[in-house]
Amino acid sequence: MSHHHHSHKHEEEAKKNDYIYFVVALISGMFVGAIVDRGLIYIPVGGVFGLLTAAVFIKFLVRGRENV
């Protein structure tokens, strides 16, 4: 039982740190949007795509490695 509790606590700590992925993705996406240089509209569009990419990354790769 204590092992299960420990794994649950580790999962909570991992979820607390998810914001780091989103911040990095948002900044990177906005930077890429600025580099595209097709107008200012691509900066927030790049940020949105960055956030979506981070969500997929966390959902499938970061969460999946706990089960390995």
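The structure presented is a predicted model; accordingly, all values stated were derived computationally and were not measured. (Residues numbered from 1 in each chain as written. Predicted model: local features only at pLDDT ≥ 70, side-chain atom pairs only at ≥ 80, totals over all residues. Heavy atoms only, no water.)

S.K.: What exactly am I supposed to notice about the overall build of the protein here?
M.R.: The helix and strand tally for the protein stands at three helices and zero strands. Along its sequence from the N terminus, the protein presents helices and strands in the succession α-α-α. With 68 residues in all, the protein has 18% of them scored as buried. Across the protein, contacts joining residues at least 24 apart in sequence account for 65% of those joining residues at least 6 apart. For the protein, the accessible surface area stands at approximately 5700 Å², while carbon and sulfur atoms represent 69% of it. (Helix = DSSP H or I, 4+ residues; strand = E, 2+ residues; numbered from the N terminus. Buried < 20%, exposed > 50% of the residue type's maximum accessible area, 1.4 Å probe, protein only. Contact = heavy atoms within 4.5 Å. Areas by Shrake-Rupley, 256 points an atom, 1.4 Å probe, with all protein chains shown as cover.)

S.K.: Explain helix α3 (residues 42-62) here, please?
M.R.: Note: α-helices contain 3.6 residues per turn, so residues at a spacing of three or four share the same orientation. An ideal rise of 1.5 Å per residue puts 30 Å on 21 residues; α3 measures up with 28 Å between its terminal C-alpha atoms. Of the residues making up α3, those classed as buried are Gly46, Gly47, Gly50, Ala54, Ile58 and Val62. Taken around the axis of α3, the buried residues stretch over an arc of 110°, which confines them to a single face. Structural note: α3 exposes Phe49, Thr53, Lys59 and Phe60 on the side pointing more than 90 degrees away from its buried face. Buried residues along α3 sit against α2 (18-36). (Expected span 1.5 Å × (residues − 1). Arc of directions from axis to C-beta.)

S.K.: Got a minute to help me understand the packing of aromatic side chains in this structure?
M.R.: To describe a pair of aromatic rings, one takes the distance between the centres and the angle between the planes. Tallied over the full model, the rule gives one aromatic pair. Look at Tyr21 and Phe57: their rings are 5.5 Å apart centre to centre, the planes differ by 50°, and that puts the pair in the tilted class. Of the two residues, Tyr21 sits in helix α2 while Phe57 sits in helix α3, which places them 36 residues apart along the sequence. For Tyr21, a relative accessible area of 29% gives the class partly exposed. (Phe/Tyr/Trp six-rings, centres within 6.5 Å; stacked < 30°, edge-to-face > 60°.)

S.K.: When you look at α2 in this model, what are you seeing that I'm missing?
M.R.: In this model, α2 (19 residues) spans 27 Å end to end at C-alpha, consistent with the 27 Å of a helix rising 1.5 Å per residue. Where α2 is concerned, the buried positions are Asp18, Ala25, Gly29 and Gly33. Projection of α2 onto a plane perpendicular to its axis shows the buried side chains occupying an angular sector of 65°, all on one side. Facing away from the buried side of α2 by over 90 degrees, the exposed positions are Tyr19, Ile27, Phe31 and Ile35.

Note that every value here comes from positions in space, so none of it alone points to a role or purpose.
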